[in-house]
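Each chain, letter by letter, is given below.
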Amino acid sequence: MNVHISETTRVTPKHSDANYVSFDIFDTFVVRGCTTPDGVIAQAFQLSPVAARFPAAAASYVEHRRQAEARARKAAIRRDGRAEVGIAEIYAAFPFRLFGLRRDALPQLVAAELAAEHELCRCNPDILAQYRELRAAGARTGFISDSYWSVEQLGSLLRACCPDLQWDFLYSSSASGTGKAERLFEIYLAEQSADPRRAVHVGDNPNADIDGARRFDITALHVPQASARLASIFNRETPVGALLCQSPVGTLDGGARTLRRLVAARVPAQSPAFGLGVGVLGPAMQAFDAFIASRIGQIGNAGGELRVAFLGRDGFLSHRIRAQAGDTQARYLEISRRVSVMASAATLDPLTRLVGTISSLDAAAFSAITRHRSTKVAAFFARQPHGRSTGAELAKALPELIDARDIAAIAASLRAELMTYLRAQFPDLDRCTDLVLVDLGYSGSIQKSLRRVFDLEGIAARIHGLYLLSLDDDFAECDERDTFEGMISDLVVTPHVKRLLLRNVAVLEQLCCAPTGSVAGYRDGAVLHEAILHVDPQQAVAREVQAGVLAYAAEAGALAPKLGFAPAAPDRIAADVTAILGRLLLLPTDDELMLLGALQHDVNLGTTALTPLLDGALLAAREVTQSLPDACTAADPPMWLAGSFAALEPAQSYLYLLFGCNLLPSDLFGDVKCGQIDVVLQDRKGVASTVAVACYRNGFNEIRVRIPMSRGMAIRTIQVPVARLAPAGLITGPFLQSGPSINMAAGSGEIRLLDRCDAEQDGLAWHGPHYAATRDDAVLTIAIPTLTDAVAMLSIGVTPANGARVLALD
């Protein structure tokens, strides 16, 4: 995921006989503080007279400016047989009247765009250093640019970027009437009387700079803008940011993407995981660190005794970034959610809320959470199927199972251990007036629990929560003395989008997490950890990613001041972080799936359960047993739902993204009834009956048949007339789900793949999962196992062969 300015892209001793070195200007010698060149036009709009009249017309202005350039070039080709034009010719084709302007406003628009270039352009520090070295060594240096700017305009721009810059030659394609891919290098060689064998050109464009120079025997050195992988990531981030963020995300990003590109070029490649840290997670986490530093400064400016703590385990990486930046005062505080909740439990209420969030647990897990054992609790779990209960059912039963006084006693003991640990980290805790807690997020359960602990212990300090992602409505009960803020708050994204991100956040947690087990408790001020559940390869991936993040943070911290871009507004920075993380979580690349797909998520909360992040097979089955919109709301597992969609097909993860943004029309991608067929049910006594069942078509032209049944029906086989659905096609399934009710069965994540039987005898020829009916009444026969639950649902998917469009079934 890295781009490298290696020795092959530098003018090195092997080029020592070169006495002419030319540089491309844009995206080589000069970089811009925007995501694409359109950012220059967007900034020109703000500086033009149009902005005052039509402040919301920026997008239209940019597109019309681009169209004007295309029209001007076409006109030049028709008129002169050349495509090169100057900036004035471009604006001559601009629709002045649309924007309330007269044609005599042309010089103002040109001046606005040149001023925008001056504001956004900076010298590339690495290329500038090479340039100075070459001039000091006696080489003749200068610039050759494909540009609609004149030589004088380019010169003014170069001196605005570097006032003391000197050059021996400067060529512009618009002034010369030809570009680098045509004759501009020929003109340069002739006018400078340069020997091409002793000339070197440095540029970013493979066609114009590299092939164009080599066609005239000039040595060409390539400085790519970004690797193909990083460019692909940028291309995905743009639509993700536009879809996820509430405010429009334009191209003016304060140079953030340019900084990412330059840092990636500086940092040597080590591994794919390291590259993920440098190219993706590093920029997001460094921006979060800047958010943390800013907010800590604001809180500190109010006066008082301020202390800062990064919460383990998910705040581990953020603490490492802050420490690397030179903050020696912040502490890494190891407090787990269950420890903080139990320590604050003066009543049953905190425990009830905690237990209610757990999908499933047994007696051992409950004991690990509460340190409580009783015959009532044991009897409750003994009555549950397989000795396990849902958290919701246990929460309802807790008042009858545990005496509140027992919980208060356990809480008091754990609270004393926690306070000893806190005072070991902050010896002057009692003098502290403001404690800042930093974490990935989400609902501030540790902050709220610690508030109750402090109140019980007589600690008056205010608690300030700083989070990467915050479930803002969950902070309604936050104590009025305290504050909380999420970088990606509900002012940046909608609550619906926030939940989309959090549904897939487990992959981020695994990459930011400390390499330890969860906190089980404390002894004499030291932390007691549970066993580390993750295998060594997963730990190695996290280590490499974190190393890449730290490398990015260090390099970006050194490079950003040299570039000197004006920082973007805080809401724009938050939107950029949303786009970066949203792209990783929701639109992962194939390389990222291969790297992260084997990771597992530890459920924690006193259990040793590990859940896979990806499960494409389960999701593929869900898309048969449910409609696509229903599959998009599936409960975990898999923990990384978007990644599981991407593992099936890249386009499916984009559909999931659209669903999460309320942009997936259910009548296009949901199940639409397209007819019915008669299926034959045969019970275990050999009695057959015919039942009509509905058929559905989804947005991919696939047919779904779902057949409900009850245990009392004692079904042995089901015959489905698939030839009536399609004479040839692909069968997905059959899948069987069961449960106490038909709705619970249909939504169950326990999906069993059944075998087909007697297929050849039923008029079907098979080639793997593909079939072809040999007669019109061909049927698929499915053997049904003995049901243990009250009801079950059998689901079959059929994809017609040859792309036959399904409109309706007779």
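As a reminder, the structure under discussion sits directly above these lines.
Below or above, wherever it landed, is the structure these notes cover.

Conventions used here
- Residues numbered from 1 in each chain as written.
- Predicted model: local features only at pLDDT ≥ 70, side-chain atom pairs only at ≥ 80, totals over all residues.
- Heavy atoms only, no water.
- Core = buried A, V, L, I, M, F, W, Y, C linked by side-chain atoms within 4.5 Å.
- Buried < 20%, exposed > 50% of the residue type's maximum accessible area, 1.4 Å probe, protein only.
- Helix = DSSP H or I, 4+ residues; strand = E, 2+ residues; numbered from the N terminus.
- Contact = heavy atoms within 4.5 Å.
- Phe/Tyr/Trp six-rings, centres within 6.5 Å; stacked < 30°, edge-to-face > 60°.
- Lys NZ or Arg CZ within 6 Å of the ring centre and 35° of its normal.
- Pairing = 2+ DSSP bridges.
- Axes fitted to C-alpha atoms, helices over the stretch in contact; angles between N-to-C directions.
- Parallel < 35°, antiparallel > 145°, perpendicular 65-115°, else oblique.
- Nonpolar A, V, L, I, M, F, W, Y, C, P; charged D, E, K, R; others polar.

### Quick notes on the nonpolar core
Then, number 1: In terms of nonpolar packing, the biggest core is built from 78 residues, with Leu244, Leu281, Met285, Leu468, Leu508, Leu586 and Leu596 touching the most fellow members.
Then, number 2: Sort the elements by how many residues they give to this core and helix H13 (residues 272–301) lands first, with twelve residues.
Then, number 3: With near-sequence residues (within four places) excluded, Leu508 lies in contact with Leu281, Leu440, Leu468, Leu581 and Leu585.
Then, number 4: Within the second largest apolar cluster, 53 residues are counted, among which are Phe94, Leu106, Tyr131 and Val223.

### What to know about the packing of aromatic side chains
Aromatic rings considered in pairs are described by the distance between their centres and by the relative angle of their planes.
Then, number 1: Going through the model one piece at a time under the given rule, you end up with 28 aromatic pairs.
Then, number 2: Taking 5.4 Å as the distance between ring centres and 15° as the angle between the ring planes, the aromatic pair formed by Phe94 and Phe99 counts as stacked.
Then, number 3: Overall, Phe94 belongs to the buried group, its relative accessible area being 3%.
Then, number 4: With centroids separated by 6.0 Å and ring planes inclined at 55°, the aromatic side chains of Trp766 and Tyr771 adopt a geometry described as tilted.
Then, number 5: By relative accessible area, Trp766 is classed as buried at 16%.
Then, number 6: Note on Tyr771: relative accessible area 3%, which makes it buried.
Then, number 7: Linked through ring pairs, Phe45, Tyr61, Tyr91, Phe94, Phe96 and Phe99 together constitute an aromatic cluster.
Then, number 8: Of note, Arg65 hangs over the ring of Tyr148, and the distance from its end group to the ring centre comes to 4.9 Å.
Then, number 9: Across the ring face of Phe475, the terminal group of Lys448 is positioned such that the distance to the ring centre comes to 5.6 Å.

### Examining the sheet that holds strand S1 (residues 20–23)
Then, number 1: Pairing in this open sheet of five strands is parallel, and the strands run S5-S4-S1-S6-S7 from one edge to the other. Looking at strand neighbours, the two that pair on one side only are strand S5 (169–172) and strand S7 (219–222), the edges of this open sheet. Between one strand axis and the next, the sheet turns by 20° as a mean value, whatever way the strands run.
Then, number 2: Across four bridges, S1 lies against strand S6 (residues 199–203) in parallel orientation. Its bridge partner lying in S6, Tyr20 is registered against Ala199.
Then, number 3: Seen against the sheet, helix H6 (residues 125–136) touches S1 and strand S4 (140–145) and runs at an angle of roughly 140° to S4.
Then, number 4: Contacting S6 and S7, helix H10 (residues 206–214) runs over the sheet at an angle of about 160° to S7.

### Thoughts on the environment of Gln286
Then, number 1: With respect to the secondary-structure elements, Gln286 resides in helix H13.
Then, number 2: According to the relative accessible area criterion, Gln286 is partly exposed, its value standing at 23%.
Then, number 3: Remark: the alpha-carbon pair of Gln286 and Val549, spanning 263 residues in sequence, is separated by 8.0 Å.
Then, number 4: Those residues in contact with Gln286 that lie beyond four places of it in its chain are Tyr552, Ala553, Ala556 and Gly557.

### Let's talk about the pairing of strand S16 (residues 526–529)
Then, number 1: As paired strands, strand S15 (residues 519–523) and S16 are joined by four bridges and run antiparallel to one another. Bridging from a neighbouring strand, Arg523 pairs with Ala526 of S16.
Then, number 2: A loop of two residues connects S15 with S16, the two strands running antiparallel in sequence, and Asp524 in this loop sits at a positive phi of about 55°.

### Let's talk about the packing of helix H11 (residues 228–244) against helix H25 (residues 570–586)
Then, number 1: Two numbers describe how H11 lies on H25: the axes approach to 8 Å, and their chain directions differ by 105°. When the axes of H11 and H25 are compared, the pair comes out roughly perpendicular. Counted together, Ile233, Arg236, Glu237, Val240, Gly241 and Leu244 of H11 and Thr578, Ala579, Ile580, Gly582, Arg583 and Leu586 of H25 form the full contact between these two elements.
Then, number 2: Taken together, the residues of the contact of H11 with H25 break down into six nonpolar, three polar and three charged.

### Quick word on the sheet that holds strand S12 (residues 434–439)
Then, number 1: Read from one edge to the other, the open sheet built from five strands follows the order S9-S8-S12-S13-S14, with strand pairing classed as parallel. Edge positions in the open sheet fall to strand S9 (331–334) and strand S14 (483–488), since each of these has one partner strand only. Taken over all neighbouring pairs, the strand axes of this sheet differ in orientation by 25° on average, direction set aside.
Then, number 2: Bridge count for strand S13 (residues 462–469) against S14 is five bridges, and the pairing is parallel. Along S14, the bridge assignment pairs Leu466 with Glu485.
Then, number 3: Here H13 sits on the sheet and contacts strand S8 (306–312), S12, S13 and S14; the angle it forms with S13, its principal contact strand, is near 160°.

These figures come from the coordinates and say nothing about function on their own.
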